[in-house]
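The primary structure of each chain is shown beneath.
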Amino acid sequence: MSRWVHLPGGSGGVWYADDPHQGPVVRRPVGAWSAAVHALLTHLADAGAAGVPRVVGATETEEVLTFLPGATPVGDIPDTLLAEAAGWLRGFHDAVRDWDPGPRQWRQTDAAPEPGQIICHNDPGVYNWVIRDGHFAGMIDWDQAGPGDPIHDVAFLCWSGVPLRDEFDPSDAARRVNLVAAAYGDLDPAALLDAVGERIGLSLDRIQAGIDRGDPGMLALERAGVLDTTRAALARFRASLPGIRAAL
């Protein structure tokens, strides 16, 4: 094993090394939810899902996962990349659609998925995308995974990737929401647009609940001002909804 090198990130980063047997790997702290996430990642590996870290090992304090080579995107997301990310998300959802994990301790709940729900990534923002040679290559940071409505994963991808969280031209936002819906498949753009506000409201509730129970990751988001900026962005998005709907 080569020496461990710290790679910074929004949640404290990871430690990277090149393992002679496993190849590039990262180690990071575990939480009460990690066993459930490891079961998910193992299921995805067994299903042949692409662009997903593989579990190498874990202790009571740390996990070791394979490293997905590439970089997170910077700047505006091209249409082709946005479509690739939506298509990848559909493939991931299909890979877990028939998986019954039963009740497990996820980060946000210990309940089993309700009828119509699957295990979602729950944080498919562009900061968790891995891009290689200009193409979408995978998704990292699965700590938020857990039961959810599939459309909410797609809605969060739109929030971050269209991006609906920023100021935008309503016509262009509508065009890119249509693009995501088509790339994902079997999804009504109007229903997807309606799901965005629901999903971001749920994000705010989850962050606040994590703060209340002392979750270090959620406390870090609070210190970074994420609650306030997200509330402001959600209000701006809701004010823009009529214009986007008219352009769909």
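Residues numbered from 1 in each chain as written. Predicted model: local features only at pLDDT ≥ 70, side-chain atom pairs only at ≥ 80, totals over all residues. Heavy atoms only, no water.

Participant: Explain the packing of helix α3 (residues 150-161) against helix α4 (residues 170-184) to me, using residue names and the numbers behind them.
Facilitator: The interhelical angle for the contact between α3 and α4, taken along N-to-C directions, is 140°, at an axis separation of 11 Å. When the axis of α3 is compared with that of α4, the two are oblique. Seen along the crossing, α3 lies across α4 with a hand that is right-handed. Residues P150, V154, L157, C158 and G161 of α3 form the contact with α4, whose participating residues are R176, V180 and Y184. (Axes fitted to C-alpha atoms, helices over the stretch in contact; angles between N-to-C directions. Helix = DSSP H or I, 4+ residues; strand = E, 2+ residues; numbered from the N terminus. Parallel < 35°, antiparallel > 145°, perpendicular 65-115°, else oblique. Left-handed = near helix turned anticlockwise from the far one by under 90°. Contact = heavy atoms within 4.5 Å.)

Participant: Run through the layout of surface pockets, naming residues and quoting values.
Facilitator: For the second largest pocket, the calculated volume is near 180 Å³. Along the wall of the second largest pocket there are 13 residues; nearest its centre are G75, D76, I77, G161 and P163. Among the elements of the structure, α3 and α4 are those that each provide at least two residues to the lining of the second largest pocket. Tallied by class, the residues present in the lining of the second largest pocket amount to five nonpolar, three polar and five charged. (1 Å grid on protein atoms, 1.4 Å probe; cavity = no way out; pocket = protein on both sides within 12 Å on 5 of 7 lines; lining within 4 Å. Points joined across faces, edges and corners; volume = space filled by probe spheres on them. Nonpolar A, V, L, I, M, F, W, Y, C, P; charged D, E, K, R; others polar.)

Participant: How would you sum up the environment of P115? Please name residues and give values.
Facilitator: Looking at the element boundaries, P115 is found in the loop between α2 (79-96) and β6 (118-120). Considered as a pair, P115 and D149 are 34 residues apart in the sequence and their alpha carbons are 9.5 Å apart.

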